[in-house]
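# Fold and geometry: a report
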Amino acid sequence: MNGSRLNSGMKRGDGDDVDGHDPVAWREGFQVGLPTLFGLVAWGMVVGVAMVKSGLTVLQASVMTLVVYSGSAQLASLPLIAAGAPIGVIFATAFVVNLRFVIFSALLAPHFSHLPLFQRFYLGHISGDLTTALFLQRYPRTAPERGKLSFLKALLYPTWIAWQAGTFVGIFLGSAVPAEWQLGFAGTLAILCILVPLIINSAALCGVLVAAIVSVLAHGLPYKLGLLVAVLAGMSTAIAIEEARGRRKVRHG
Amino acid sequence: MADWDIWAVIAVLGVATACTRSALWMVGHRVTIPRRVQEMLRYAPACALAAIVAPDFMLGPQGDVQLAVTNPKLLAGIAALAYYLWRRNMLQTIVIGMLVFTVLRVSDVFH
C-alpha cells in the first residue's frame, strides 16, 4: 500500500501522465460520493415508476433513461408525452429545464479542456448537479492536476450506475403496480423538491408563482403551448423584478 | 402518441441533455458566464418546473380548476412542500406526500 502511494507520489509533477489512473484519488472520490448513492437509487426508482405509469413501455422507458439521463427533464416530458404535445414543445421544455446544467458545466469543463473531444462529450453528458458540487469542493482550481480525472470518474461512474439501477427497478416495479395507486404523482412531488432550491431570491419566487398560475389558466391552449406561455410569463416577471431591484440598488447604492 | 413519435421524443430529449451538459465541455476553453445570465439560467428551469407541476396539483381530471380543500393532490402537494421546507429531504418528502395523497384518496373523506 505504501508502495502505490509512493509510486503515485513520484509520478505527480512530471506532467506527462496527469490523467493516468490514480488509485488514491479514485478511492477518495468514491468515498466522497458514496453517501449520495442511496438517495440516487431511490430517486431513480421514482423516475422509473413515473415513466411506465405515464404510458411508456418497459423498453421505451429503459432506452429513455439511458439516452436522456436527466431525471428532471424526463419527469417534465412525461405529462407532455401523455397529452400528445408536439415534439418541438417537448424539446423546448426539456431544454429549459436542463438550462441549469449550463452553469455547472461552465464550472467543471475548464478542468478538463485538455482531454480528447469524445471523452469531454461523455464526461459532460454524465455530470450532474451533485457530482459537480462535490468535485469543485475538492478541486477549486482549474489547473491540470494528477488524480483529478480519477476523482471525477469515481464520482460519475458510481452515480451513473446507482441512478440506472434505481431506474430499472422502478420501471419493473411500476409495471407491476396497479394504475389506480397513481404512483406517477410521486414524480410530481419529486419535481417540487427540485424546484424549491432553484428559488434563489424573491425575483425567482415571483417568476415561479406567475408561471404556475399562467400554466393553470392557459392549460386549455392547443399543443400544450400554455406551458411555454407560462414559462415566458414567469421568466419575464423574474427578469423585470431583477431589473427593478438592480436600478434601486444603483440609485441608493 | 404513436410508437414512432415516442422514439423521436426520446431522441430529442437526449439532444436536450447533450446541448446543455456537454456543449461547454466541447468548446474546450474557459467560458465565464456573467452573474446576471447565471441567475436567468436558474430562473428559467424554476419557471418551467413550476409550470409543469402546477396543473397536476390544481386541475381536476376534466381540466377544471380545483382549489378547494377537497382536492387530494393539492393538499398532498401543500403537505409535501411544507415538509420539504422543514427537513430539506427529497425522499422523505415524496413518501409523506404520497402517504397524504393515498390516505385522502382511499378514505375518500371529502365525498
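Residues numbered from 1 in each chain as written. Chains lettered and ligands numbered in written order. Predicted model: local features only at pLDDT ≥ 70, side-chain atom pairs only at ≥ 80, totals over all residues.

## Overview of the overall build of chain A
Assigned secondary structure in chain A consists of 12 helices and zero strands. Its helices and strands in sequence order give chain A the pattern α-α-α-α-α-α-α-α-α-α-α-α, from N to C terminus. Projected onto its principal axes, the C-alpha coordinates of chain A cover approximately 65 × 60 × 30 Å. Counting the 253 residues in chain A, one finds 47% classified as buried. (Helix = DSSP H or I, 4+ residues; strand = E, 2+ residues; numbered from the N terminus. Buried ≥ 20, exposed ≤ 12 C-beta atoms within 10 Å, placed from the backbone.)

## A look at the interface of chain B and chain A
Taken together, the contact pairs 59 residues of chain B with 76 residues of chain A. Contributing elements (two or more residues each) for the side of chain B that touches chain A: α1 (3–27), α2 (35–58), α3 (72–87) and α4 (90–107) of chain B. In terms of residue count, α2 of chain B provides more of the side of chain B that touches chain A than any other element does, 20 residues in total. Classifying every residue of the side of chain B that touches chain A by side-chain character gives 42 nonpolar, 11 polar and six charged. (Contact = placed C-beta atoms within 7 Å. Nonpolar A, V, L, I, M, F, W, Y, C, P; charged D, E, K, R; others polar.)

## A closer look at α1 of chain B
With 25 residues, α1 of chain B extends 35 Å between its outermost C-alpha atoms, agreeing within 8% with the 36 Å of an ideal straight helix rising 1.5 Å per residue. Its axis deflected by about 45 degrees at R21 of chain B, α1 of chain B carries its strongest bend there. For α1 of chain B, the set of buried residues is V9, I10, L13, G14, A16, T17, T20, R21, S22, L24 and W25 of chain B. Buried-residue contacts for α1 of chain B involve α3 (58–68), α4 (71–82), α5 (87–98), α6 (100–108) and α7 (117–125) of chain A. Positioned one or two residues after α1 of chain B, G28 of chain B has a phi angle of 95 degrees, which is positive. (Expected span 1.5 Å × (residues − 1). Bend = angle between axes of the 7 residues up to and from the residue.)

The values reported here are purely geometric and, on their own, carry no functional implication.
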